[in-house]
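# Breakdown of the fold
Residues per chain, in single letters:
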Amino acid sequence: MATSFQNHLLISTILLLLHLFTAFATTTAPKPKALVIPLTRDDTTLQRIIKLNHRTPPKITPLTVDLSGEFLWLDCGPITPSTTNRRIHCDSARCALANSNCHMTHITCYNNNNNPCKKLPCNIPLKNPLQNIINKGELHTDVFRINSTDGSNPVRVVSVNRFTYGHHAHGPGSTPLLKGLAKGVKGIAGLGRSKLSLPTQFSSTFKFVDKFALCVSSSSFTDGFIIFGDKPYNLFPGLDASTLLSYTPLLTNPNPQFQSDYYIGVTSIKIFQNPVKFDKSLLSINKNGIGGTKISTINPYTILQSSIYKSLTRDFAAQVERPGSFAKRVNPIAPFTVCYEGGSLPFTPIGVVVPDINLVLQNEKIVWTISGTNSMVMVNSINAYCLAFVDGGLNSKAAIVIGSYQLENNLLQFDLVNSRVGFSSSLLFSRTRCDNFNFTSA
Ligand SMILES: *[C@@H]1O[C@H](CO)[C@@H](O)[C@H](O)[C@H]1NC(C)=O
Ligand SMILES: *[C@@H]1O[C@H](CO)[C@@H](O)[C@H](O)[C@H]1NC(C)=O
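Below is a short write-up of the structure. Fair warning: this is a prediction, and the values are worked out from it, not measured in the lab.

### Brief notes about the sheet that holds strand E20 (residues 329-330)
- Reading across the sheet, the four strands line up as E20-E21-E27-E26 and stay open at both edges, with antiparallel pairing between neighbours. Each edge of the open sheet carries a strand with a single partner, namely E20 and strand E26 (376-379).
- The sheet contact formed by E26 and strand E27 (residues 384-387) spans four bridges and is antiparallel. Its bridge partner being in E27, Met378 is matched across the sheet by Tyr385.
- Running over the sheet, helix H6 (residues 306-320) touches E20, strand E21 (339-341), E26 and E27 and is turned about 135° from E27.

Given below as structure tokens:
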């Protein structure tokens, strides 16, 4: 009797210890509150590249970051499949989150409630945002690895075992889907406003807030960063850059085609303090989704609708060339139109000195300032500084597309919880930079 009781006690104790051990194991490996990944500049295209650690056995694949991209897709070519790769089927909940054409192509299956149809792959169109090329892909899952962060350093590698992505398999040779993407890049990392974008999948996997910060560097030799999750965003020398953010509402384009884009409400443009005159109705998004201001990591330079471009360049040049200035205009080089001889503009450690271009947001006090470091680009072939804005023509979709060069050394926070965008203007004025995140593991 006693032995049986003792056995029972022993087993209970073991079970209790096991239970405590599992509880302990889970508490010692808490869910990360934020994730961090370095962001490299490609000098030729000004695209921003992340190196994705994925597959089994692990592989590292460079991807171009597309702020508007709905999900991540990979050119998988004819390579050996990863052992952890899984295909998603038409009847899966994940497939329903994607813009799949399951229900279009297999409508008869669904109508007949025919079981074998449910095993059909979840076909989705994969988009190359630069060329408007669309190609066939399937939704798959695989393991993705990324560093967690405490806001100051990478802490440890965490895995997302079933990250959903668009899989583009094809025979030997290259695929047109990669046309125009930076050299070596094998796909797109979509950060857009959609259910399968990187930020949404990370925040739902690890149950942290749906916010992410983007900070792009101004050189290919040093890295900027993306932090998925909330602040702090600590940068050398000990500054939480989130304290530098001003906020403006995030606007939604009513046209489903543009719903994954991040739009903000620019209400006027000033050069220094002088408003640029143009038809302000261009700045609102109309019911067809035309107009407004969006942010892009794909376009190298800010694109302005033609009439805005003409007024802005005229007013900007008039202010730079005001009486008494030494600015010497030179023949422009496409795609730019306003260029000055390199040595003829005043220079400080922060860059060339030209009048600020101010994007006025929801009120006169909330202003995104584009100063010389982000407005003027050095064009070596003509030894000149050119105004780094381009003419988008009269039929451009958004009136203003803020490009990647204008984002350099600016911290942006996309806050989906409060539907707002935080922006810092140039961090150089606060004596820090996007390449000041410490990527040495803590
Ligand atoms: C995590 O961070 C360390 C230190 O920066 C780096 O060496 C490593 O490659 C990172 N791992 C992943 C999966 O990004
Ligand atoms: C970067 O972080 C590491 C690890 O915490 C630390 O030892 C190092 O001093 C930091 N570097 C700078 C420049 O702060």
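### Examining the pairing of strand E1 (residues 34-41)
- With respect to burial, E1 is a largely interior element, seven of its eight residues being buried.
- Across two bridges, E1 lies against strand E7 (residues 133-149) in antiparallel orientation. Residue pairing across strands places Val36 opposite Asn147, the latter belonging to E7.
- With two bridges connecting them, E1 and strand E2 (residues 48-54) associate as antiparallel partners. Along E2, the bridge assignment pairs Arg41 with Arg48.
- From the end of E1 to the start of E2, which pair antiparallel, there are six residues, and Leu46 there has a positive phi angle of about 60°.

### A short note on the sheet that holds strand E25 (residues 367-370)
- Here we have four strands laid out as an open sheet, ordered E17-E16-E24-E25, and antiparallel in their pairing. Only two strands of the sheet have a single partner each, and these edge strands are strand E17 (274-275) and E25.
- As judged from the four bridges shared by strand E24 (residues 357-360) and E25, these two strands associate in the antiparallel manner. Across the sheet, the residue bridging to Leu359 is Trp368, located in E25.
- Against the sheet, H6 engages strand E16 (268-271), E17 and E24, with an angle of about 20° to E16.

### Things to note about the packing of aromatic side chains
- Taken as a whole, this structure holds 15 aromatic pairs when the rule is applied.
- Judged by centre distance (6.0 Å) and plane angle (40°), the ring pair of Phe144 and Tyr165 falls under tilted. Linking Phe144 in strand E7 with Tyr165 in strand E8 (residues 154-168), this pair joins segments that are 21 residues apart in sequence.
- On the accessibility criterion, Tyr165 (3% relative accessible area) is buried.
- Cluster of aromatic residues (ring-pair linked, three or more members): Phe144, Phe163, Tyr165, Phe202, Phe212, Phe228, Tyr262 and Phe414.

### What about the site of ligand 1?
- Lining the immediate environment of ligand 1, one finds Asn53, Arg145, Asn147, Pro154, Val157, Phe439 and Ser441.
- Taking Asn147, its side chain carries an N or O atom lying 2.3 Å from an oxygen atom of ligand 1.
- Within the contact set of ligand 1, an oxygen atom lies 2.5 Å away from a backbone nitrogen or oxygen of Phe439.
- For ligand 1, whose unbound accessible area comes to 370 Å², protein coverage reaches 58%.
- Contributions of two or more residues to the shell around ligand 1 are made by E7 and E8.
- Split by residue class, the shell around ligand 1 holds three nonpolar, three polar and one charged.

What counts as what
Residues numbered from 1 in each chain as written. Chains lettered and ligands numbered in written order. Predicted model: local features only at pLDDT ≥ 70, side-chain atom pairs only at ≥ 80, totals over all residues. Heavy atoms only, no water. Pairing = 2+ DSSP bridges. Helix = DSSP H or I, 4+ residues; strand = E, 2+ residues; numbered from the N terminus. Contact = heavy atoms within 4.5 Å. Axes fitted to C-alpha atoms, helices over the stretch in contact; angles between N-to-C directions. Buried < 20%, exposed > 50% of the residue type's maximum accessible area, 1.4 Å probe, protein only. Phe/Tyr/Trp six-rings, centres within 6.5 Å; stacked < 30°, edge-to-face > 60°. Near = heavy atom within 4 Å. Polar contact = N/O pair within 3.5 Å; in protein donor to acceptor, adjacent residues only side chain to side chain. Areas by Shrake-Rupley, 256 points an atom, 1.4 Å probe, with all protein chains shown as cover. Nonpolar A, V, L, I, M, F, W, Y, C, P; charged D, E, K, R; others polar.

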